[in-house]
Amino acid sequence: MGSRILFTAGILLLLFFTLFPFMQMLSTSLKSSDQLFTVPPVWIPKHATLSNFAAAMQHQQFVHYFMNSLLVSVVTCILVIIVSVLAAYSFTRLEFPGRKFFMNVILVSQMFCISAVVIPLYKIVSALGLLNSFPGLILAYMAFTVPVAVWLLRSFMLNIPVDMEESAMMEGASKLQAFIKVVVPLLRPGIGATAAYVFLMTWQEFLFSLVFMTDPSKRTLPIGIMDFKGQYETNWGTMMAASILISIPVFVLFLIIQRQLISGLTEGATKG
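Cut-offs and rules
Residues numbered from 1 in each chain as written. Predicted model: local features only at pLDDT ≥ 70, side-chain atom pairs only at ≥ 80, totals over all residues. Heavy atoms only, no water. Helix = DSSP H or I, 4+ residues; strand = E, 2+ residues; numbered from the N terminus. Contact = heavy atoms within 4.5 Å. Axes fitted to C-alpha atoms, helices over the stretch in contact; angles between N-to-C directions. Parallel < 35°, antiparallel > 145°, perpendicular 65-115°, else oblique. Left-handed = near helix turned anticlockwise from the far one by under 90°. Nonpolar A, V, L, I, M, F, W, Y, C, P; charged D, E, K, R; others polar. Phe/Tyr/Trp six-rings, centres within 6.5 Å; stacked < 30°, edge-to-face > 60°. Salt bridge = Lys/Arg side-chain N within 4 Å of Asp/Glu carboxyl O. Buried < 20%, exposed > 50% of the residue type's maximum accessible area, 1.4 Å probe, protein only.

**Some details on the side chain of N68**
Assignment of secondary structure puts N68 in helix 3 (residues 62-93). Ignoring any residue separated from it by four or fewer positions in sequence, one finds N68 in contact with F134, S217, K218, R219 and T220.

Below, the structure written as structure tokens:
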């Protein structure tokens, strides 16, 4: 009985620390300016207002930043999935010299934090003449997310029996047809889980967008939201409202693919 109480208390404490920032953000976004800095603080707005959301939406560049982020995140997600599915298939189905070495290299690459690779990637993108362009930013995001995506999809692909492909090929299908018609449909839960990870990472990424995109018209949302911070004051209500609006696409994505995501995470945990 005592252990169950401690377990429940631990879960509630974890939920509190997880949800508190979101609740505080929502509370601030619904407050008028005269309620933001009251002492003691007002946790539940006495007169909730949507004026902060209206101000965020009416910001001259907000929709533009939103479309920039959507373009970069969607294109990055599609390209990463294509490259990672093919790479994961190669590492699980094909025998070639250095396979284990390359897999270890991919694993070791994840030991470096994003700030440690931003300068080498900046030099590469600059040498390619892609600075301050969406292709350059997408290339940088791919370099950071493809290794994780390959590992995730590899674990899912290990659960797909090779016999199913061989049966398809015995019935006249080519190796490519067996891959497209047999492996890819069975890999959908893994693709959903990986796509969610890649989209989330690129949608909320700040450092690469700040370094590679100096043109204000090409900023993404995490950088564009800093427009609400002035030299002498910060419009916290509008900034929190914009932060909530930024979170909506992620919530919608998870609602759409939640079944595949849960199924994919469960299946991917059985092998590695």
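**A closer look at the packing of helix 3 against helix 4 (residues 99-109)**
Remark: helix 3 packs on helix 4, axes separated minimally by 10 Å, with the N-to-C direction vectors making an angle of 135°. As judged from the angle between their axes, helix 3 and helix 4 are oblique. Here helix 3 runs over helix 4; the crossing is left-handed. Every residue of helix 4 that contacts helix 3 at S90, F91 and T92 is listed here: R99, F102, M103 and I106. Of the residues contributing to the contact of helix 3 with helix 4, the split by class is four nonpolar, two polar and one charged.

**A closer look at the packing of aromatic side chains**
What describes a pair of aromatic rings is the distance from one ring centre to the other and the angle between the planes of the rings. Counting across every chain of the model gives twelve aromatic pairs. Here the aromatic residues Y122, Y141, F144, F208 and F212 are joined through ring pairs into a cluster of three or more.

**Looking at the pattern of salt bridges**
As a working rule, side chains carrying opposite charge can pair if their charged atoms are close by. One pass over the structure, following the stated rule, counts two salt bridges. The shortest N-O distance in the salt bridge between E165 and R93 comes to 2.5 Å. Taken together, the residues E165 in helix 7 (residues 162-170) and R93 in helix 3 connect sequence positions 72 residues apart. In this structure E165 comes out as buried when scored by relative accessible area, which is 3%.

**Examining unusual backbone geometry**
The phi dihedral of N132 is positive, around 60°, even though this residue is not glycine. Along the chain, N132 turns up in the loop between helix 5 (114-127) and helix 6 (134-157).

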